[in-house]
Amino acid sequence: MSELLSPPGDVVERVFGDGASVAIKFAALLADHGVERGLIGPREVERLWDRHVFNSGVLAELVPQNCRAVDVGSGAGLPGIPLAIARPDLRLTLLEPMARRVAWLQEVVDTLGLDVEVVRGRAEEPEVRRRLGGSDIVTARAVAPLERLAKWCLPLLRPGGQMLALKGASAAEELQRDTAAVAKMGGSRQRVASCGAEVLEVPTTVVVVERDEQVGRRDGGRRRRKDG
Ligand SMILES: C[S@@+](CC[C@H](N)C(=O)[O-])C[C@H]1O[C@@H](n2cnc3c(N)ncnc32)[C@H](O)[C@@H]1O
């Protein structure tokens, strides 16, 4: 294994537990094919672990046991694949509209033997909402600004479910800018959370937004008034 693919210290075991060897295989797949297949930029290979694999895997801290989760705009498989490796208890779907990325995701899932569903589509499409709506958790990294992300992702959640948007250093600023718009769409208990602080030099910053418990009832009320 090249030095680039050697995970630093014991962090891989601490983040992935029994899945450590699978996480190492995923990093190797990304390093071998990610650049040539246009999934990650050439400069990303040298920071594959910290910036991508660990940064995604620690999200497991925020995800409840045995829940149904969707990773919107999974691309190379981030954060979805590391999350699936760290948390085999989840029922996870990777959602991605681009055919060649969907093909990559399916290959990775098959190669690593993960029990994960891959769906081609956009989060806002009615068919995707029908199929994946009612989820407990929706994750997304580098997909869209917060307001647009909430518009796409909140309808995929059950009332009380949570959107976890990996946002990096801009998280607090973005949240401040978009709080009112997100609240209008039924996003409540908005906050910035940090995960991986005990294992990573740079913890992952996540904007957490809960789907309002009232949204379903309010929508139902509106529909009934219109129909009547
Ligand atoms: C910049 S890439 C990020 C990929 C990955 N999440 C990561 O962090 O490396 C954005 C991804 O979002 C996908 N995407 C864009 N709009 C989307 C939508 N409306 N629904 C689902 N995925 C979308 C794109 O096809 C692309 O793969």
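In what follows, the accompanying structure is described.

Things to note about the environment of proline 64
Then, number 1: One can find proline 64 in the loop between helix H3 (48–57) and strand E1 (68–72).
Then, number 2: When the C-alpha atoms of proline 64 and aspartate 136 are compared, they prove to be 8.8 Å apart, with 72 residues separating the residues in sequence.
Then, number 3: Sequence-distant contacts of proline 64, defined by excluding residues within four places in its chain, comprise Arg87, Asp89, Leu90 and Ile137.

A few points about H3
Then, number 1: Along H3, eight of the 10 residues are buried, which leaves the element largely enclosed by surrounding structure.
Then, number 2: Along H3, the residues classified as buried are Leu48, Trp49, His52, Val53, Phe54, Asn55, Ser56 and Gly57.
Then, number 3: Elements in contact with the buried residues of H3: helix H1 (11–16), helix H2 (20–34), helix H4 (80–86), strand E4 (135–141), strand E5 (157–166) and strand E7 (204–211).

Considering the pairing of E7
Then, number 1: Burial analysis of E7 places seven of its eight residues in the buried class, which makes it a mostly covered element.
Then, number 2: Relative to E7, E5 runs antiparallel, the two sharing five bridges. Residue pairing across strands places methionine 163 opposite valine 209, the latter belonging to E7.
Then, number 3: Bridge count for strand E6 (residues 187–195) against E7 is seven bridges, and the pairing is antiparallel.

Regarding the packing of aromatic side chains
Then, number 1: If you walk through the whole model with that rule in mind, you get two aromatic pairs.
Then, number 2: Centre to centre, the rings of tryptophan 49 and phenylalanine 54 are 5.0 Å apart; their planes meet at 40 degrees, and the pair counts as tilted. Side by side, tryptophan 49 and phenylalanine 54 carry an identical accessibility label, which is buried.
Then, number 3: One aromatic cluster is present, formed by Phe16, Trp49 and Phe54 through successive ring pairs.

Some points on the site of the ligand
Then, number 1: Surrounding the ligand, one finds 17 residues, the nearest of these being Gly73, Leu78, Glu96, Arg101 and Arg141.
Then, number 2: Between the ligand and glutamate 124 there is a distance of 2.8 Å, counted from a nitrogen atom to a side-chain nitrogen or oxygen.
Then, number 3: Arginine 141 is positioned with one of its side-chain polar atoms (N or O) 2.6 Å from an oxygen atom of the ligand.
Then, number 4: For the ligand, the protein covers 81% of the area, taking 590 Å² as the surface of the free molecule.
Then, number 5: Among the residues making up the shell around the ligand, the classes are represented as eight nonpolar, four polar and five charged.

A look at the packing of H2 against H3
Then, number 1: Packing of H2 against H3 brings their axes to within 11 Å, and their N-to-C directions diverge by 125 degrees. As the angle between them shows, H2 and H3 are arranged oblique. Along this stretch, H2 crosses H3, giving a crossing that reads as right-handed. Residues Ala23, Ile24, Phe26, Ala27, Leu30 and Ala31 of H2 lie in contact with H3, whose contacting residues are Leu48, Trp49 and Val53.
Then, number 2: For the contact of H2 with H3, the residue count by class is nine nonpolar, no polar and no charged.

Re the nonpolar core
Then, number 1: Ranked by internal contacts, the top residues of the largest apolar core, which has 53 residues, are Phe16, Phe26, Ile81, Ile85, Leu112 and Leu114.
Then, number 2: Setting aside residues no more than four positions away along its own chain, leucine 114 makes contact with Val22, Ile81, Ala84, Ile85 and Val109.

Quick look at the packing of helix H7 (residues 146–153) against helix H8 (residues 171–184)
Then, number 1: At a minimum axis separation of 8 Å, H7 and H8 run at an interaxial angle of 40 degrees. As far as their axial angle goes, H8 and H7 are oblique. Seen from H7, the contacting residues are Leu146, Glu147 and Ala150; seen from H8, they are Glu174, Leu175, Arg177, Asp178, Ala181 and Val182.
Then, number 2: When its residues are assigned to classes, the contact of H7 with H8 shows five nonpolar, no polar and four charged.

Observations regarding the pairing of E5
Then, number 1: Burial analysis of E5 places eight of its 10 residues in the buried class, the great majority of the element.
Then, number 2: Pairing analysis gives six bridges linking E4 to E5, with the strands arranged parallel. When the bridges of E5 are listed, serine 135 appears paired with leucine 157.
Then, number 3: With H7 bridging E4 and its parallel neighbour E5, the resulting β-α-β unit is right-handed.

Scoring rules and cut-offs
- Residues numbered from 1 in each chain as written.
- Predicted model: local features only at pLDDT ≥ 70, side-chain atom pairs only at ≥ 80, totals over all residues.
- Heavy atoms only, no water.
- Helix = DSSP H or I, 4+ residues; strand = E, 2+ residues; numbered from the N terminus.
- Contact = heavy atoms within 4.5 Å.
- Buried < 20%, exposed > 50% of the residue type's maximum accessible area, 1.4 Å probe, protein only.
- Pairing = 2+ DSSP bridges.
- Phe/Tyr/Trp six-rings, centres within 6.5 Å; stacked < 30°, edge-to-face > 60°.
- Near = heavy atom within 4 Å.
- Polar contact = N/O pair within 3.5 Å; in protein donor to acceptor, adjacent residues only side chain to side chain.
- Areas by Shrake-Rupley, 256 points an atom, 1.4 Å probe, with all protein chains shown as cover.
- Nonpolar A, V, L, I, M, F, W, Y, C, P; charged D, E, K, R; others polar.
- Axes fitted to C-alpha atoms, helices over the stretch in contact; angles between N-to-C directions.
- Parallel < 35°, antiparallel > 145°, perpendicular 65-115°, else oblique.
- Left-handed = near helix turned anticlockwise from the far one by under 90°.
- Core = buried A, V, L, I, M, F, W, Y, C linked by side-chain atoms within 4.5 Å.
- Right-handed = clockwise from strand over helix to strand, strands pointing away.

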